[in-house]
Amino acid sequence: MKKNPHTVTFTINGELKTFLTEPDEKLLALLRREGYQGAKYGCGQGTCGSCTVLMDGRAVYSCLLYAMQAEGREIRTIESIGTHDQPSEFQQELIAGGAVQCGYCIPGMIMSATALMENETTFDDETVREYMDGNLCRCTGYEKIWTALRRVLDRQEAAGKKK
Ligand code: FES
Ligand code: FES
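Comments concerning the overall build of the chain
What the chain contains, in helices and strands, is five helices and five strands. Over its C-alpha trace the chain gives a radius of gyration of 16 Å, about what one expects of a compact globule, namely 15 Å for 163 residues. A principal-axis box enclosing the C-alpha atoms of the chain has dimensions of 55 × 35 × 30 Å. For the chain, the residues scored as buried account for 36% of the 163 residues in total. Taking as baseline every contact in the chain between residues at least 6 positions apart, the subset at least 24 positions apart corresponds to 61%.

Considerations on the sheet that holds strand E1 (residues 6–12)
Here we have five strands laid out as an open sheet, ordered E2-E1-E5-E3-E4, and mixed in their pairing. The two strands at the open ends of the sheet, each matched to only one other strand, are strand E2 (15–21) and strand E4 (58–61). Looking at each pair of strands side by side, their axes are set apart by 45° on average, direction ignored. In terms of strand pairing, E1 meets strand E5 (residues 74–76) through two bridges, oriented parallel.

A short note on unusual backbone geometry
With the exception of glycine, the majority of residues adopt a negative phi angle, and the majority of peptide bonds are in the trans configuration. Positive phi outside glycine occurs at aspartate 56, with the angle close to 50°. Of note, aspartate 56 is situated in the loop between strand E3 (52–55) and E4. With a phi angle near 75°, tyrosine 142 is a residue other than glycine that sits in the positive phi range. Note on placement: tyrosine 142 falls in the loop between helix H4 (125–132) and helix H5 (143–162). When the 17 C-beta atoms within 10 Å are taken as the criterion, tyrosine 142 is described as partly exposed.

Here's the deal with the environment of tyrosine 41
Take tyrosine 41: it is sitting in the loop between helix H1 (27–33) and E3. As a C-alpha pair, tyrosine 41 and alanine 29 span twelve residues in sequence and 8.5 Å in three-dimensional space.

Structural notes on the pairing of E2
In the sheet, E1 pairs with E2 via seven bridges, with the strands oriented antiparallel. By the bridge assignment for E2, phenylalanine 10 is matched with lysine 17. Linkage of E1 to E2, two consecutive antiparallel strands, is achieved through a turn of two residues, within which asparagine 13 is found at a positive phi near 50°.

Some thoughts on the environment of glycine 98
With respect to the element layout, glycine 98 can be found in the loop between helix H2 (89–96) and helix H3 (106–119). Taking the number of C-beta atoms within 10 Å as the measure of exposure, glycine 98 has 10 and is therefore exposed. It is 38 Å that separates the C-alpha atoms of glycine 98 and methionine 68, two residues lying 30 residues apart in sequence.

Some details on H3
With 14 residues, H3 should cover 20 Å at 1.5 Å per step; its first-to-last C-alpha distance of 20 Å lies within 8% of that length. Across the 14 residues that make up H3, a large majority, eleven, are buried. Regarding H3, the residues found buried are Ile106, Pro107, Gly108, Met109, Ile110, Met111, Ser112, Ala113, Thr114, Ala115 and Leu116.

Topic: the domain arrangement of the chain
Per the domain assignment, the segments of the chain are domain 1 (6–78) and domain 2 (89–162). Summarising the inter-unit geometry, the C-alpha centres of domain 1 and domain 2 are found 22 Å apart. When residues of the side of domain 1 that touches domain 2 are traced back to their parent elements, those giving at least two are E3 and E4.

Concerning the packing of H3 against H4
The N-to-C vectors of H3 and H4 enclose an angle of 135°; their axes lie 9 Å apart at closest approach. Here H4 runs oblique to H3, going by the angle between their axes. H3 and H4 meet at a crossing whose hand is right-handed. Contacts between H3 and H4 pair Ser112, Ala113, Ala115 and Leu116 from the former with Val128, Tyr131 and Met132 from the latter. Split into classes, the residues belonging to the contact of H3 with H4 amount to six nonpolar, one polar and no charged.

The rules we used
- Residues numbered from 1 in each chain as written.
- Chains lettered and ligands numbered in written order.
- Predicted model: local features only at pLDDT ≥ 70, side-chain atom pairs only at ≥ 80, totals over all residues.
- Helix = DSSP H or I, 4+ residues; strand = E, 2+ residues; numbered from the N terminus.
- Rg over C-alpha atoms; globule rule 2.2 N^0.38 Å.
- Buried ≥ 20, exposed ≤ 12 C-beta atoms within 10 Å, placed from the backbone.
- Contact = placed C-beta atoms within 7 Å.
- Pairing = 2+ DSSP bridges.
- Axes fitted to C-alpha atoms, helices over the stretch in contact; angles between N-to-C directions.
- Expected span 1.5 Å × (residues − 1).
- Domains from an automatic or database assignment.
- Parallel < 35°, antiparallel > 145°, perpendicular 65-115°, else oblique.
- Left-handed = near helix turned anticlockwise from the far one by under 90°.
- Nonpolar A, V, L, I, M, F, W, Y, C, P; charged D, E, K, R; others polar.

Here it is in structure tokens:
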């Protein structure tokens, strides 16, 4: 493929895989080249969040990481969240609330929300903002996305309190 190939091995959406890469290849570029195209290239500079994936459960900008930095890690992309026929709870709320316009930001939003839901048990507005403020949307004005997420989080909080 290229001039100075290396390999990198990591778990991607639950499967251990080895990929050819180069020392200067970004993780986002590798993922998209290998068919994980839900993560999007927006700014390429760590400001828009459209490239967000999870690394060991933490939301990261895959445009900033080198592919080699994923060695031994667990990477999850939007392809691991819901399906066309069985969307996740947040995906269902986004659809029901008409919260998606061009959709470019949505995979990254969903990955940040996934990190939030998996890492926290209470979802006060400040915590939600901490997780979500690295994801920009140029279309929606955020309100419908926020409402969709809030519906899911409120249900999860209520279910947690019942336990
Ligand atoms: S493309 Fe990675 S933060 Fe914008
Ligand atoms: S829906 Fe277009 S960027 Fe968010």
